[in-house]
Amino acid sequence: MQILEFDLDGDYVELKQLLKLADLVTSGGEAKMVISEGLVLVDGEVELRKACKIRAGQVVEFNDSQIRVLAAV
């Protein structure tokens with residue numbers, strides 16, 4: 001499993017944006033599709049909300065990759 005770390009700029013990032021920023025999908029449309037198909041986990045649970053607010057401390061999993069969201073320093 002590939003483990004990525006993402007440093008938050010603000011309070012949160014939307015799930016679809018996070019997938020794109022982490023280069024796990026090539027477009028926002030692809031991000032929306034994989035989320036709606038139930039292929040993305042947030043903290044171990046399937047997340048179907050495309051604009052779900054992902055905050056520091058949360059873990060997102062997709063396609064054998066894990067993104068650990070860190071607070072801005």
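Residues numbered from 1 in each chain as written. Predicted model: local features only at pLDDT ≥ 70, side-chain atom pairs only at ≥ 80, totals over all residues. Heavy atoms only, no water.

Caption draft 1: Spotlight on the overall build of the chain. The number of helices and strands found in the chain is 2 helices and 7 strands. Starting at the N terminus, the α and β elements of the chain follow one another as β-β-α-α-β-β-β-β-β. For a compact globule of 73 residues, the expected C-alpha radius of gyration is about 11 Å, and the chain comes in at 11 Å, within 12% of that figure. Overall, the C-alpha framework of the chain stretches about 35 × 25 × 20 Å when taken along its three principal axes. Among the 73 residues that make up the chain, the fraction classed as buried is 34%. When the accessible area of the chain is evaluated, it comes to approximately 4,500 Å², of which 46% is carbon and sulfur surface. Distance between charge centres in the chain, computed from 8 positive and 13 negative side chains, equals 8 Å. (Helix = DSSP H or I, 4+ residues; strand = E, 2+ residues; numbered from the N terminus. Rg over C-alpha atoms; globule rule 2.2 N^0.38 Å. Buried < 20%, exposed > 50% of the residue type's maximum accessible area, 1.4 Å probe, protein only. Areas by Shrake-Rupley, 256 points an atom, 1.4 Å probe, with all protein chains shown as cover. Lys, Arg positive; Asp, Glu negative; His and termini not counted. Charge placed at Lys NZ, Arg CZ, Asp CG, Glu CD.)

Caption draft 2: Up close: the packing of aromatic side chains. Evaluated as defined, the whole model comprises 0 aromatic pairs. Here the basic side chain of Lys53 rests over the ring of Tyr12, its NZ or CZ set 4.8 Å away from the ring centre. (Phe/Tyr/Trp six-rings, centres within 6.5 Å; stacked < 30°, edge-to-face > 60°. Lys NZ or Arg CZ within 6 Å of the ring centre and 35° of its normal.)

Caption draft 3: Fine view of the sheet that holds strand β4 (residues 45-46). Pairing is mixed across the open sheet formed by 5 strands, whose spatial order is β1-β7-β6-β3-β4. The outermost strands of the open sheet, each flanked by one partner alone, are β1 (2-7) and β4. Pairing geometry for β1 and strand β7 (residues 65-70), over 6 bridges, is parallel. Its bridge partner lying in β7, Ile3 is registered against Gln66. (Pairing = 2+ DSSP bridges.)

Caption draft 4: How the structure looks around the pattern of salt bridges. One pass over the structure, following the stated rule, counts 2 salt bridges. Between Lys16 and Glu14 there is a salt bridge, with the nearest N and O atoms lying 3.2 Å from each other. Taking the relative accessible area as the measure of exposure, Lys16 reaches 24% and is therefore partly exposed. Assessed through its relative accessible area of 21%, Glu14 is described here as partly exposed. For the salt bridge of Arg49 with Glu47, the shortest nitrogen-to-oxygen distance reads 2.8 Å. (Salt bridge = Lys/Arg side-chain N within 4 Å of Asp/Glu carboxyl O.)

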